[in-house]
Amino acid sequence: MLANKPKTKILVDGGDPEETLRVRKLLGFVDGQTTNPSLIAKNPEIQERIKSGDNLSPQEEKDEYRKIVQVISPLVGDGGVSIEVFADVGTTAEEMLAQGVEMFSWIPNAYIKYPCTRAGLRAAEMSVQRQIRVNMTLCFSQEQAAAVYAATRVSKDPVYVSPFVGRLDDRADNGMDLVRNIKKMYETSDRHVYELAASIRHVDHLLASFAIGVELVTVPAKVLEEWAKKNFPMPDRDFSYTGVDANGKPLKPIPYTSLDLNQPWQSFDISHELTTKGIQKFVADYRSTLKRSA
Ligand code: E4P
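Below or above, wherever it landed, is the structure these notes cover. Just so it is clear, the model here is predicted, and its values are computed rather than measured.

This part covers the overall build of the protein. Each helix and strand counted, the protein has 12 helices and 8 strands in total. Its C-alpha radius of gyration of 18 Å places the protein within 12% of the 19 Å reference for a compact globule of 294 residues. Along the first, second and third principal axes, the C-alpha set of the protein runs to 55 × 45 × 35 Å. Expressed as a percentage of the 294 residues in the protein, the buried residues total 56%. Taking the contacts inside the protein whose residues are at least 6 apart along the sequence as the reference set, 71% of them involve residues at least 24 apart. In the form shown here, the protein has an accessible surface area of approximately 13,300 Å², with 50% of it arising from carbon and sulfur atoms.

Below, the structure is given as structure tokens:
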């Protein structure tokens, strides 16, 4: 078990309550959980149904998602459980909000995940006005994080923004630089947005997240198990993170941009191809669980 709880909250990135329980036993606690359509599609019970040819209707898929988060909800601490709306590139803000309102009622500790797109930001803006907690996902740029800040200024609860480290690394950009840049940008803010490092692929990503001092990090069970196997190392004062690709070559640095957080969210250039690709992948994984006719 982990002797000293780190300052950074540790969330489990997954869609299987059994995994959450396993991690809770391993660490002695779990601060929260993040889910997404791909992770829910991988849930063992859903996979079992699909293997036996019993694909789901959209309503059944939603019911399954609700049941999964209802089991996870009491297992975690105050980092809450993030539930993601089913959104395609054409889904409107109002459609996302309607899903968010419903999903928020499923459990008492929900955070609703919307993508960092114009529709997602507008949905978040309307959500925080209704005291619906939000986690802005598929964040790949500092501009997107600035827009999240500006769109949710009136929120009474902490708002999460999730930069996806591993997916930036995959295209040889140093994802941890984005995490560091967002942290720096928020330093002189009202601090209503908490940074949640996501798409964590290995123990070094986890240690770098601790060293940067993000408020939260979401981690697949297998990375936490790897960390436990190494006896829970923590970054010391001399810790330095060097992002390298699969061939050991250094990743391309992402430079810091100076942005004015007081500007309206619509003024930031929030387009990013990885956000679009991410939405398309979530849609594909979600659809893979559905009946052909659905
Ligand atoms: C968390 O909220 C994200 O959905 C998750 O970290 C995505 O990680 P991946 O890039 O490994 O799919």
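Moving on, we come to the nonpolar core. Core analysis: the biggest nonpolar cluster contains 92 residues, and Ile-10, Ile-83, Tyr-114, Met-136, Tyr-186 and Trp-227 have the highest contact counts within it. The leading source of residues in this core is helix α7 (residues 142–151), at 7 residues. In contact with Tyr-114, not counting residues within four places along its chain, are Val-85, Met-96, Leu-97, Gly-100, Gly-120, Ala-123, Ala-124, Ser-127, Val-134, Asn-135, Met-136 and Thr-137.

So, about the sheet that holds strand β4 (residues 110–115). The 8 strands lie next to each other as β1-β2-β3-β4-β5-β6-β7-β8, forming a closed barrel whose pairing is parallel. Looking at each pair of strands side by side, their axes are set apart by 30 degrees on average, direction ignored. Two elements, strand β7 (residues 193–197) and strand β8 (residues 216–219), share 2 bridges in a ladder whose sense is parallel. Residue Ala-197 lies in a different strand from β8, and its bridge partner there is Val-217. Helix-sheet contacts for helix α12 (residues 273–287) involve β3 (80–84), β4 and β5 (134–139), and the interaxial angle to β5 is about 110 degrees.

So, about the state of the cysteines. Under the counting rule described, the total for this entry stands at 0 disulfides. Cys-139 carries a free sulfur, and the closest cysteine sulfur to it, the one in Cys-116, is 4.6 Å from it. Taking the relative accessible area as the measure of exposure, Cys-139 reaches 0% and is therefore buried.

Conventions and cut-offs
Residues numbered from 1 in each chain as written. Predicted model: local features only at pLDDT ≥ 70, side-chain atom pairs only at ≥ 80, totals over all residues. Heavy atoms only, no water. Helix = DSSP H or I, 4+ residues; strand = E, 2+ residues; numbered from the N terminus. Rg over C-alpha atoms; globule rule 2.2 N^0.38 Å. Buried < 20%, exposed > 50% of the residue type's maximum accessible area, 1.4 Å probe, protein only. Contact = heavy atoms within 4.5 Å. Areas by Shrake-Rupley, 256 points an atom, 1.4 Å probe, with all protein chains shown as cover. Core = buried A, V, L, I, M, F, W, Y, C linked by side-chain atoms within 4.5 Å. Pairing = 2+ DSSP bridges. Axes fitted to C-alpha atoms, helices over the stretch in contact; angles between N-to-C directions. Disulfide = S-S within 2.5 Å.

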